[in-house]
Amino acid sequence: MNNSSYNRRIVNDNPWERAREQLRRAASYLKISPALVERLETPDRVIEVSVSVQMDDGRTEVFRGYRVQHNNIRGPYKGGLRFHPKVDMDEVKALAFWMTMKNAVVDVPFGGGKGGITVDPKRLSEGELERLTRAFTRELAPYIGPEVDVPAPDVNTSAKIMQWIRDEYSNVVGKDSPAVVTGKPVEEGGSQGRTEATGLGGFYVLSEMMRITGRTNRKATVAIQGFGNVGSFLAGYLKDAGFSIVALSDSKGGLYIPRGIPDLKAVAECKEKSGKLAGCYCIGSVCDLSNMESLGGCDISPEEALELPVSIAVPAALENAITEENAGRIQASVVLEMANGPTTREADEILDKKHILIIPDVLANSGGVAVSYFEWYQNMHGETWEKEAVFGKLKEKMDTAAQAVHAVSKEYKVPLRDAAYIVALKRLVARS
Ligand code: NAD
């Protein structure tokens with residue numbers, strides 16, 4: 001995220017305030033007790049820790065770490081850990097709240113939690129990153145556990161980091177506890193399909209929503225902001241299903257090829273090598289700027305990806321990507337929210353007025369936590385499922401969730417976001 005978009009985020013929108021407002025709005029459609037609304041407006045527990053780490057040059061640096069346990073009415077707290085320079089308490093609270101709602105929408109027996117460390121992991125060596133992760137785990141150990149709170153990957157946290165957490169936690173409690181985190185490497189008790197799950201789940205939800213609303217993917221064009229875990233897998237599944245991926249961006253910039261990016265794998269390899277998407281114009285194995293003209297492409301800024309003349313715009317990076325400043329420029333007829341909290345309240349209203357179908361984050365990106373649940377279940381029961389079985393169960397979960405949210409949106413005559421919250425609140429009420 002560049003500075004201008006970050007400043008915009010501070011000025012326009014506090015994600016935690018927005019999350020509470022979304023809650024109150026959905027609650028107003030239902031006769032639920034004020035006590036439950038109040039409980040959901042307040043996280044169960046907020047943990048903030050200092051983490052001291054010895055750096056490679058011998059200095060000690062101190063980082064701030066957070067874990068918010070929002071609500072456990074439906075089961076253990078569950079949600080990712082984010083390592084990013086902009087992580088702060090309000091962001092983590094909002095993300096934890098959205099996990100409570102998401103886990104209820106996709107109907108897995110978990111509550112909501114989230115955590116993170118304010119750090120730019122790209123400036124750490126692997127050793128420093130491991131020491132930071134292990135020190136943070138020791139601070140969190142009294143509050144997490146397979147039946148208490150189960151972290152997972154999020155922005156800038158990987159399977160390897162999850163494995164360090166599992167190992168350190170197991171050392172602290174004196175017994176191997178694979179189910180304390182999900183998103184582990186498959187050979188260390190991770191589930192088949194977890195890496196792909198969020199992108200694939202988004203693809204299933206989009207496909208089901210398009211089927212229900214009578215849209216076709218024939219000639220559908222897609223622009224994706226964010227080409228990390230979520231954006232890259234989603235792009236691949238969409239392309240395989242016949243969608244034309246015309247634009248991709250990451251934090252440094254991106255590319256737009258109106259007739260479709262011919263080879264996503266080559267682009268991914270180019271980004272891996274060069275550290276950025278910009279310039280990854282690939283013909284065969286040759287990827288560079290010299291191919292831009294023959295592909296009919298052009299460079300774009302990270303933000304421009306969402307403003308192109310496409311059928312489907314996908315924010316798959318960070319919060320507040322669509323604000324009142326740029327919402328008017330969105331030309332897509334569908335916005336698939338793969339990032340958490342990508343659309344501010346004001347932007348939501350602008351998109352609604354333009355009759356843009358917003359498939360909300362708590363539905364669109366819930367595939368990750370669905371497979372996290374499958375991983376946790378396999379660990380708790382000593383089972384190992386094949387990838388096909390995982391994907392079959394994931395599709396069932398995503399289709400069912402999409403159908404439930406769409407049905408409620410028709411019943412209450414509300415946008416899909418409100419409908420998703422209503423579905424979630426009804427399920428939370430049933431357990432409270
Ligand atoms: P990631 O770290 O793998 O990738 C993030 C991507 O966003 C990177 O390509 C980065 O360059 C890009 N980016 C950052 N700022 C940008 C900007 N201003 N413009 C364009 N691109 C920018 O993270 P991820 O796991 O892919 O997560 C992406 C989003 O999806 C986050 O909001 C995360 O909370 C959400 N999410 C992730 C999962 C999961 O399973 N990983 C599950 C649910 C939701």
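Check the entry above for the structure.
Residues numbered from 1 in each chain as written. Predicted model: local features only at pLDDT ≥ 70, side-chain atom pairs only at ≥ 80, totals over all residues. Heavy atoms only, no water.

Q: A description of the pattern of salt bridges should follow, citing residues and the corresponding values.
A: This model, assessed by the stated rule, comprises 34 salt bridges. Put simply, Glu48 and Arg64 hold a salt bridge, and the shortest N to O gap is 3.2 Å. Linking Glu48 in strand β1 (residues 45-54) with Arg64 in strand β2 (residues 60-71), this pair joins segments that are 16 residues apart in sequence. Look at Glu48 and you get partly exposed, because its relative accessible area is 42%. Taking the shortest distance from any N to any O, the salt bridge between Arg59 and Asp57 comes out at 2.9 Å. When salt bridges that share partners are traced, they join Arg82, Glu91, Lys114, Asp154 and Glu319 into one network. (Salt bridge = Lys/Arg side-chain N within 4 Å of Asp/Glu carboxyl O. Helix = DSSP H or I, 4+ residues; strand = E, 2+ residues; numbered from the N terminus. Buried < 20%, exposed > 50% of the residue type's maximum accessible area, 1.4 Å probe, protein only.)

Q: So, helix α14 (residues 387-412): which residues are in play, and what are the values?
A: The end-to-end C-alpha distance of α14 is 37 Å, a good match for the 38 Å that 26 residues give at a rise of 1.5 Å each. Within the span of α14, buried status applies to Val390, Phe391, Leu394, Met398, Asp399, Ala401, Ala402, Val405, His406, Val408 and Ser409. Buried-residue contacts for α14 involve α4 (89-105), α7 (194-212), α8 (229-240), α12 (361-364), α13 (367-381) and α15 (416-431). (Expected span 1.5 Å × (residues − 1). Contact = heavy atoms within 4.5 Å.)

Q: Could you give an account of helix α6 (residues 159-173), with specific residues and numbers?
A: Between its first and last C-alpha, α6 extends 21 Å over 15 residues, near the 21 Å set by a 1.5 Å rise per residue. Three or more residues of α6 are buried, namely Ile161, Met162, Gln163, Trp164, Ile165, Arg166, Glu168, Tyr169 and Ser170. Immediately downstream of α6, the backbone of Gly174 shows phi near 80°, a positive value.

Q: Help me get a handle on the packing of aromatic side chains, residues and values and all.
A: All told, the structure shown has 12 aromatic pairs when counted by the stated rule. For the pair Tyr29 and Tyr412, a centre-to-centre distance of 6.3 Å together with 75° between the ring planes defines the contact as edge-to-face. Here Tyr29 is found in the loop between α2 (15-27) and α3 (34-40), whereas its partner Tyr412 is found in helix α14, with 383 residues between them in sequence. On the numbers, 6.1 Å between centres and 55° between planes, the contact of Tyr373 with Phe374 is tilted. The burial state of Tyr373 is the same as that of Phe374; both residues are buried. One aromatic cluster is present, formed by Phe110, Tyr373, Phe374, Trp376, Tyr377 and Trp385 through successive ring pairs. The ring of Phe110 is capped by Lys78, whose NZ or CZ atom sits 5.9 Å from the centre of that ring. (Phe/Tyr/Trp six-rings, centres within 6.5 Å; stacked < 30°, edge-to-face > 60°. Lys NZ or Arg CZ within 6 Å of the ring centre and 35° of its normal.)

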